[in-house]
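Each chain, letter by letter, is given below.
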Amino acid sequence: MTGGHALGASNAFDAARRALRGLVVAATVRIHRPVVGYALEEPGTFLGSGFFVAPNWVLTCAHVACGGEGGEVAVVYETAPGRGVSTAPGRVVATLPDRAEQTVPAAGNWPAPDLALVQLTEPADDHECVYVSERPAAYYGEGRVLYAGWTENEGRLQVLDGTLTVQGTIGGWSSDVQMRLGDNDLPYGVSGGPVIDPARGEVIGVLKARSDHRPGGTSTGIEQLRTLRVPVERVSAEHSDLYQAVFHAHDRYHRDRQRHPAARRQTWTDVQGRLGARPGRTLSPDERIQLLGRLAELPPPDSTRGLLDILDSLPDFQAPTPLPAPRGWRDGLGALYESASDDGALELVLDYAMRAMSAPRPFLVPSTPDAEKALWVWVWQAAQRLSARYRAGLAEQRIERLRCRDQAEHDVEQHPNHDIPDTFSGTPRPVPAGAGPRPGAGAHRPHRRPDSDARARARARAVGSVARPSALLELVQRGWEPDRCDWSVSVSAPGGDAVRLHETERTPLAELPAHLAGPLAEAFRHCDEPGRPALLQVALPHALLGLEVDTWQLPPETEPLGTLRPVVVRCADRDRLPDDAFGAYDAGRFDDPYGPDDFGDVDEERRARWRWLHAHRARAEVLDCDEGLRKPVPTVEQLRALSHGTVPVLCRYGDLRFEDDAAALARIVLGGYGVALWRRRRGQPDDVCGEFHRGTIDEIAEPSSAQALPEAVHDLRMRLRAGRTESFWADGVALLYDDPHQPLPGTGDLLEAP
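What you see as residue numbers is a count from 1 along each chain, following the sequence as written. Side-chain atom pairs in this predicted model are given and counted only at pLDDT of 80 or more, local residue features only at pLDDT of at least 70, and totals for whole chains, interfaces and linings cover all residues. Side-chain numbers come from the whole structure's heavy atoms, not from hydrogens or water.

Draft legend 1. Structural context of the overall build of the chain. Scanning the chain from N- to C-terminus turns up 18 helices and 25 strands. Counting every position in the chain, which comprises 754 residues, the buried fraction comes to 54%. Only heavy atoms matter for contacts: two residues are in contact if any of them lie within 4.5 Å across the pair. In the chain, of all internal contacts separated by at least 6 residues, the share reaching a separation of at least 24 is 70%. Every accessible area reported is derived by Shrake-Rupley at a probe size of 1.4 Å, with residue values counting cover from the shown protein chains alone. Accessible area for the chain stands at about 32,700 Å²; split by element, carbon and sulfur atoms hold 51% of it. Only DSSP runs of H or I reaching four residues or more are called helices, and only runs of E reaching two or more are called strands; each is numbered from the N terminus. Remark: exposure states derive from per-residue accessible area (1.4 Å probe, protein chains only) relative to the maximum for the residue type, with buried under 20%, exposed over 50%, and partly exposed in between.

Draft legend 2. View of the pairing of strand E25 (residues 733-737). Counting buried residues in E25 gives five out of five residues, a clear majority hidden from the surface. Strand pairing requires that DSSP identify at least two bridges connecting the strands. As judged from the five bridges shared by strand E24 (residues 675-679) and E25, these two strands associate in the antiparallel manner. By the bridge assignment, Arg679 is partnered in E25 with Val733.

Draft legend 3. Empty space enclosed by the protein, seen in detail. Both site types are read off a 1 Å grid over the protein atoms alone. A 1.4 Å probe that fits but cannot get out defines a cavity, while an open set with protein on both sides within 12 Å along at least five of seven lines defines a pocket; lining residues have an atom within 4 Å of a point. Grid points are joined across faces, edges and corners, and a volume is the space filled by probe spheres set on the points. Under the criterion given, the structure shown has seven cavities of 30 Å³ or more. The space that makes up the second largest cavity amounts to roughly 60 Å³. Forming the boundary of the second largest cavity are Leu677, Thr696, Glu699, Ile700, Leu709, Ala712, Val713, Leu716, Trp729 and Leu735. When contributions to the lining of the second largest cavity are tallied by element, the ones reaching two or more residues are helix H17 (690-701) and helix H18 (709-721). By residue number, the principal contributor to the lining of the second largest cavity is H18, which donates four residues. Classes in brief: Ala, Val, Leu, Ile, Met, Phe, Trp, Tyr, Cys and Pro nonpolar; Asp, Glu, Lys and Arg charged; the others, Gly included, polar. Its residues assigned to classes, the lining of the second largest cavity shows eight nonpolar, one polar and one charged.

Draft legend 4. Structural context of the packing of aromatic side chains. Working definition: a ring pair exists when centres of Phe, Tyr or Trp rings (six-membered ring for Trp) sit within 6.5 Å. Plane angles under 30 degrees give stacked, over 60 give edge-to-face, the rest tilted. One pass over the structure, following the stated rule, counts eight aromatic pairs. Geometrically, the ring pair formed by Trp376 and Trp380 is tilted, given 5.6 Å between the ring centres and 35° between the ring planes. Pair noted here: Trp376 and Trp380 are both in helix H9 (residues 368-382), with a separation of four residues, about one helical turn. Remark: a charge is flagged as sitting over a ring if the NZ atom of Lys or the CZ atom of Arg is within 6 Å of the ring centre and within 35 degrees of the ring normal. The ring of Trp150 carries Arg30 above its face, with NZ or CZ at 4.9 Å from the centroid. Residue placement shows Arg679 over the ring face of Phe692; its charged tip is 4.6 Å from the ring centre.

Draft legend 5. Quick look at the pairing of E24. Within E24, five of the five residues are buried, leaving the element largely enclosed by the surrounding structure. Side chains of E24 alternate between two faces, with Val675, Leu677 and Arg679 and Ala676 and Trp678 buried alike. Summarising the sheet, strand E23 (residues 646-650) and E24 pair through two bridges and their orientation is parallel. By the bridge assignment, Leu650 is partnered in E24 with Trp678.

Draft legend 6. Quick peek at the packing of helix H6 (residues 304-313) against helix H7 (residues 329-336). Working convention: axes come from line fits to C-alpha atoms, limited for helices to the stretch in contact. Angles between N-to-C directions cover 0 to 180 degrees. Interhelical geometry of H6 versus H7 gives an angle of 30° and a closest axis separation of 11 Å. Classed by the angle they form, the pair H6 and H7 counts as roughly parallel. As for how H6 packs across H7, the hand of that crossing is right-handed. When H6 is examined against H7, the residues Leu307, Ile310 and Leu311 are found in contact with a partner set consisting of Trp329, Gly332, Ala335 and Leu336. Its residues placed into classes, the contact of H6 with H7 shows six nonpolar, one polar and no charged. Comment on the angle field: the value is read as roughly parallel under 35 degrees, roughly antiparallel over 145, roughly perpendicular from 65 to 115, and oblique elsewhere. Crossings are assigned a handedness: left-handed for a near helix turned anticlockwise from the far helix by less than a right angle, right-handed for a clockwise turn.

Draft legend 7. A look at the environment of Pro740. Note that Pro740 resides in the segment after E25. Assessed through its relative accessible area of 14%, Pro740 is described here as buried. Separated by 130 residues in the primary sequence, Pro740 and Trp610 have C-alpha atoms spaced 7.5 Å apart. Contacts of Pro740, omitting those with residues within four sequence positions, involve Arg606, Arg607 and Trp610.

Draft legend 8. Local environment of unusual backbone geometry. A cis amide bond links Ala112 with the next residue in sequence, Pro113, at an omega value of 5°. The omega torsion across Leu554 and Pro555 is -5°, close enough to zero to call that bond cis. Look at Glu154: it is not a glycine, yet its phi comes out positive at around 55°. Relative to the elements of secondary structure, Glu154 occurs in the loop between strand E7 (144-153) and strand E8 (156-170). On the accessibility criterion, Glu154 (78% relative accessible area) is exposed.

Draft legend 9. Molecular detail of the environment of Glu503. Here Glu503 shows up in strand E17 (residues 498-508). Between the alpha carbons of Glu503 and Trp487 there is a distance of 5.7 Å; along the sequence they are 16 residues apart. Here Arg500 takes part through its side chain, which lies 3.0 Å from a polar atom of the side chain of Glu503. Two N or O atoms count as a polar contact when they lie within 3.5 Å, although within protein this holds only if one can serve as hydrogen donor and the other as acceptor, and sequence-adjacent residues are included solely when both atoms are side-chain atoms.

Draft legend 10. Highlighting the sheet that holds strand E1 (residues 28-32). If you trace the six strands once around the closed barrel, you get E1-E2-E3-E6-E5-E4, paired in antiparallel fashion. Ignoring which end each strand starts from, the neighbouring axes of this sheet average 40° apart. Here three bridges tie E1 to strand E4 (residues 72-78), and the two strands are oriented antiparallel to one another. Following the sheet pairing, Ile31 is matched in E4 by Val75. Of the strands in this sheet, strand E2 (46-54), strand E3 (57-60), strand E5 (85-96) and strand E6 (115-120) touch helix H3 (residues 242-259), which is tilted by about 70° from E2.

Draft legend 11. Quick peek at helix H5 (residues 285-297). When the terminal C-alpha atoms of H5 are compared, their 19 Å separation across 13 residues agrees well with the 18 Å that a helix rising 1.5 Å per residue should span. Among the 13 residues of H5, 10 are classified as buried, and the element is accordingly described as predominantly covered. Here the expected length of a helix is defined as 1.5 Å per residue gap, with one fewer gap than residues.

Draft legend 12. Region of interest: the side chain of His248. Take His248: it is sitting in helix H3. Leaving out residues up to four positions away in the same chain, His248 has contacts with Glu238, Leu295, Ala296, Leu298, Pro299, Pro300 and Trp329.

Draft legend 13. Geometry of the side chain of Thr368. Residue placement: Thr368 occurs in helix H9. For Thr368, a relative accessible area of 2% puts it in the buried group. Once you skip the residues sitting within four places of it in the chain, Thr368 turns out to touch Pro299 and Arg361.

Draft legend 14. Highlighting H9. For H9, which comprises 15 residues, the first-to-last C-alpha distance of 21 Å matches the rise-based estimate of 21 Å (1.5 Å per residue) to within 8%. Residues of H9 that are buried include every one of Thr368, Ala371, Glu372, Leu375, Trp376, Trp378, Val379 and Ala382, and no others. Summarising the axial view, the buried residues of H9 lie within an arc of 160°, below the 170-degree limit, and thus occupy one face. Residues of H9 that are exposed and point over 90 degrees away from its buried face: Asp370, Lys373 and Gln381. Picture the helix axis, draw a direction to every C-beta atom, and the arc is the one those directions span.

Draft legend 15. Up close: the pattern of salt bridges. Counted as salt bridges are all cases of a side-chain nitrogen of Lys or Arg within 4 Å of a carboxyl oxygen of Asp or Glu. Applying the stated rule across the entire model yields 47 salt bridges. Ionic pairing is found between Arg405 and Glu372, a salt bridge with its closest N-O pair at 2.8 Å. With Arg405 in helix H10 (residues 388-414) and Glu372 in helix H9, this pair connects stretches of sequence that are 33 residues apart. By the burial criterion, Arg405 is buried, and Glu372 matches it. The residue Arg525 makes a salt bridge to Glu522 at a minimum N-O spacing of 2.5 Å. Here the residue Arg525 and the residue Glu522 both occupy positions in helix H12 (residues 512-527), the gap between them amounting to three residues, near one helical turn. Across the pair, exposure class does not vary: Arg525 and Glu522 are buried alike.

Draft legend 16. Representation of the packing of helix H4 (residues 268-275) against H5 in the model. Packing of H4 against H5 brings their axes to within 8 Å, and their N-to-C directions diverge by 145°. Touching Thr269, Gln272 and Gly273 of H4 are Pro285, Asp286, Arg288 and Ile289, all from H5. Across the contact of H4 with H5, the residue classes break down as two nonpolar, three polar and two charged.

The following block contains the structure:
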């Protein structure tokens, strides 16, 4: 039986499978403790398996790589069958999750994704590298996969390969999904080996663990490498971003192998073609690797946010954003595969390549113009399959996109703090901090004091912030379990639309930071731009507005959230505030102009206050303290009578007061205020507070509008963390920044307590 294939076709397919197996085995390595000589043949030094993902880069499991001493390992590999083994020293440069400074867990017990990148510290002889899929493994839900690894057999270390069935996933729709694999025994030592899609000839995962109770185990999707730490500052070279460095090297390697004129051995691209792979329904494996190789010659995308904007600008792109979010040019190409239709797939790929060719660059190298030209040559050749009209449009588009980018760069030089148009969408795009002229085009800049420099950077970052996506964390306290909450993490677009990335129920409040680290990191990747960390909005019920979110360290031992990015709070239950929050208001006085019948106008008043504060300079008003003496917060009626330029300030939050803290903040919210500031008192009730009064008056009045306040508070927290004495008055400061024109999403949805 030939399964419906002609005998010749079946034999050719089997030969392609055998060739794929040979490539996989050639790229699979074993990892040892760093010893010398014949000890590397002893099973006692053997830690596990791994594989070359790019020249001189090995991917494996964290629990395997961290079994060495001080992050040092020995990598043993074969360059070809029968040539014997070679050894190269390596060091662990990254683990997921990041545990570099912590005690190594017991072998096999690392939490997901349990990945490590090992960099060889000496150049290795010519070795094979796997081809890594550009699409998430989560889309691979059934069928069989190949695997390879090293194990001990009769006292000798030998390479092993085989097949496993995919029996489902662990993690559902979350970004840390793992595949469950079965129907074969996985011996000790294969952890860290590759998992391969046999139909497409691509590595899609890493063997993580073997099951103790049944044949098989689990694997981690290769796309989890997208969650590697993103550089905080704008990258100045490819090697500044580990993820981009590894995968640009991967794509260039496979492109160079494919076009090498003297090569005789089969390549991964050759085998993929023999398997009948058709990436994105339109490209041949050779066309794909030539495209990826050209994209890898370009500087990487400016940011994940910039790459997502490119995808969103494609007229025929309709697929949901994969998780983790795409980070490199190859990831964006892989995201197109789920949206491509047979009749428009090539146009979608070409439109994407055109945007990559003219996208803003985080840096430039002398070869960048040649790389852009080479990409255009590929686009033009691929477009020969399409109509003459489409090709003419491409040529016009190229000229216009490059013209717009050149104009944008000129505008950056002339007006470094102004918004510039996007070269792919035409919409205003804030200038990233640190952006400036191309190399060699620098201009003289006046000298500033260091402190004024920091303030200038804060003001520059604030420009256009309302037009930037932000991360949104929503918490709902469970009424019958006040020590627990339901929560979600979303990406909030400037227009108010939000894309929910993660949601969970019944999390203990005391354990929130540990649960939030991963989902928030993914949201930040969606929003951050180089040197411009995105705003984090935290929507809380009024009783939790004092939650010290800005002090959370995610993960532990890192800088507090409030020093890494602007963090503001919003009131999530504005329409459900208790009646006693009105203060001295007499509910029986229905003739009062601010009585219950009039509170339908409060929303319009909130919007009017917000508009005024964002068009004029604000004025701080300390509500609960007079020269160090406590006083009650004014009633809602009195608060509404204050001018629209007022920003309420609470000095005594956390102190003994006439009303509790939650009621005081609720009164400010009911008074129609979307911007307010307070400090969480950590000292004694009789602490001197004059510096806090003076500091808030100066800091709130300095920006030209309230739009800059989130960045101003962020700057304060950074100076405080740096030990700047003049900022100590701001210890514990919090900012309410609740835009009435951008209502919170999902009211009444899953997170509404039943």
